Amino acid sequence: MPWGFFSPLHIATLIFVVVFVIGMHFLLRHRSQKTQTTVLGILSFLGIAAVLYNLIFTGNPWENLPFHLCAFNAITLPIVVFTKSKTWGNVLLVWCLGALAALILNNNIAAEPFFSWGVFFYYAPHVVEFGIPLLLISLGHVKKDPKCILTTVGITMGLYTAVHFINLGLNKWFQAAQIRNPSGEIVFSNYMYSLEPNNPMCELFQKWIPGPYWFMYLAVPILVVYLLIVYAPEIITKLKKK
C-alpha cells in the first residue's frame, strides 16, 4: 500500500502528528524532568538515524547529504533536549515548520509502500522534528523569548546562505568529476532549495524574484509574522508590565 499524497492514509498520518504531540505532552507532564529528558532524548535520535540511513542505504549519498533544514534540525535536536539551550530551542520553533512541511508535501516519497524502511526513516524523524521542539516549550524545558526573534531569523538565513554556496561548490565538482546518481544523471545539489523551488509557495517567490537564492528572502517577513504570533503572549505580558 503506497503512502499516497493526501490519500486517506496520508491524511491519517498527518492527524497522528497532532495526536502524537498532544499525547506526549499529557503522558509526560507529570513525570520528572529527568524522565521527560530521557524519553525526548531517545526519540530525538531518530533524525540522526535517518541521516545515516539516507547516506548508507539509499545508494545515492550525494543527493542525501545532511544539508537540508530537516537534517540540521535532526542534528540540533538531541543537543537542545539535553542542554536546554534557549537560543537553539527558540530556533527550532522555526525549523520544526520545515519538518511539518515535509510531512504535508511528501510528493517525493508518496509512491513508496507505507510499510517500508524508506517511509519509516522519512515519516518518523519528521514527526519528532516537528513535535519535540513544541514539547520542549510546553513541558517547560525551554523558555520562549521574543528577544530570540532576530537571532532565529539570522541563524536560519545565515545557514541558508552557507548552504547555497555549498550547493554551488558541489555542483561545480559534480560537473567536473561527472558524478552521477543511480539514474545515470549528473548529481545536482539543491539543498535547502536555494537554486530551484520545490513547492508552489517557493515557485511563487521565484516568480517575484527570478533566479536562485534571493527569492527565499521573501519568506523572512512570513517567518517574522509567524514568530510574532508565537510570542504574542510573552510580548503582551511584557507590555502590560511596562
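A short tour of the structure in this document, coming up. Just so it is clear, the structure is predicted and the values come from calculations on it, not from any experiment.

What counts as what
- Residues numbered from 1 in each chain as written.
- Predicted model: local features only at pLDDT ≥ 70, side-chain atom pairs only at ≥ 80, totals over all residues.
- Heavy atoms only, no water.
- Phe/Tyr/Trp six-rings, centres within 6.5 Å; stacked < 30°, edge-to-face > 60°.
- Buried < 20%, exposed > 50% of the residue type's maximum accessible area, 1.4 Å probe, protein only.
- Helix = DSSP H or I, 4+ residues; strand = E, 2+ residues; numbered from the N terminus.
- Contact = heavy atoms within 4.5 Å.
- Polar contact = N/O pair within 3.5 Å; in protein donor to acceptor, adjacent residues only side chain to side chain.
- Axes fitted to C-alpha atoms, helices over the stretch in contact; angles between N-to-C directions.
- Nonpolar A, V, L, I, M, F, W, Y, C, P; charged D, E, K, R; others polar.
- Salt bridge = Lys/Arg side-chain N within 4 Å of Asp/Glu carboxyl O.
- Patch = residues over 30% accessible without salt bridge, like charges linked within 9 Å, V, L, I, M, F, W, Y side chains within 5 Å.
- Areas by Shrake-Rupley, 256 points an atom, 1.4 Å probe, with all protein chains shown as cover.
- Core = buried A, V, L, I, M, F, W, Y, C linked by side-chain atoms within 4.5 Å.

1. Some remarks on the packing of aromatic side chains
Phase 1: Across all of its chains, the model carries 24 aromatic pairs by this definition.
Phase 2: Between Trp214 and Tyr217, the ring centres sit 5.4 Å apart and the planes meet at 35 degrees, which makes this aromatic pair tilted.
Phase 3: Looking at Trp214, the relative accessible area reads 55%, which means it is exposed.
Phase 4: Taken together, the ring pairs in this structure connect Trp3, Phe114, Phe115, Tyr122 and Tyr123 into an aromatic cluster.

2. Looking at the environment of Arg29
Phase 1: Mapped onto the elements, Arg29 comes out in the loop between α1 (8-28) and α2 (33-44).
Phase 2: Take Arg29: its relative accessible area is 42%, and that puts it in the partly exposed class.
Phase 3: Setting aside chain neighbours within four positions, we find Arg29 in contact with Gln36 and Leu139.
Phase 4: At a separation of 3.4 Å, a polar atom in the side chain of Arg29 contacts the side chain of His30.

3. Side note on the packing of helix α9 (residues 219-230) against helix α10 (residues 232-241)
Phase 1: Between α9 and α10, whose axes approach to 4 Å, the crossing angle comes to 60 degrees. Along the contact surface, α9 presents Leu228, Ile229 and Val230, while α10 presents Ala232, Pro233, Glu234 and Ile235.
Phase 2: For the contact of α9 with α10, the class distribution of residues is 6 nonpolar, no polar and 1 charged.

4. A word on the environment of Lys144
Phase 1: Here Lys144 shows up in the loop between α6 (117-138) and α7 (148-177).
Phase 2: Residues Lys144 and Leu93 lie 51 residues apart in sequence; the distance between their C-alpha atoms is 9.1 Å.
Phase 3: Beyond its immediate chain neighbours, meaning those up to four positions away, Lys144 contacts Asn90, Leu93, Ile137, Val230, Tyr231 and Glu234.
Phase 4: Of note is the side chain of Lys144, whose polar atom sits 2.8 Å from the backbone oxygen of Val230.
Phase 5: Here the side chain of Lys144 touches Glu234 through a polar contact of 3.4 Å, side chain to side chain.

5. Section: the pattern of salt bridges
Phase 1: Counted under the stated rule, the structure contains 2 salt bridges.
Phase 2: The shortest N-O distance in the salt bridge between Lys86 and Asp145 comes to 2.8 Å. One end of the pair, Lys86, is in helix α5 (residues 86-104); the other, Asp145, is in the loop between α6 and α7, with 59 residues separating them in the sequence.
Phase 3: Among the ionic pairs, Lys144 bridges to Glu234, the shortest N-O distance being 3.4 Å. Here Lys144, found in the loop between α6 and α7, pairs with Glu234, found in helix α10; they are 90 residues apart in sequence, far enough to count as distant.
Phase 4: When its relative accessible area of 17% is taken as the criterion, Lys144 is described as buried.
Phase 5: By relative accessible area, Glu234 is classed as partly exposed at 25%.

6. Description of a nonpolar patch on the surface
Phase 1: Residues Phe5, Phe6, Ile11, Ile15, Phe16, Val19 and Leu105 make up a contiguous nonpolar surface patch of about 630 Å² in total accessible area.
Phase 2: Looking at the secondary structure, you find Phe5 in the segment before α1.
Phase 3: Residue class for Phe5 comes out partly exposed when judged on its relative accessible area of 39%.

7. So, the nonpolar core
Phase 1: In terms of nonpolar packing, the biggest core is built from 62 residues, with Leu40 and Trp95 touching the most fellow members.
Phase 2: Element by element, the count of residues in this core is highest for α6, at 10 residues.
Phase 3: Once residues lying within four places of it in the same chain are set aside, the contact partners of Leu40 are Leu28, Val81, Ile132, Leu135, Leu136 and Leu139.

8. Here's the deal with the side chain of His126
Phase 1: Looking at the secondary structure, you find His126 in helix α6.
Phase 2: Residue His126 is classed as buried on the basis of its relative accessible area, which comes to 10%.
Phase 3: With sequence-adjacent residues up to four places away left out, His126 is seen in contact with Cys70, Ala99, Ala102 and Leu103.

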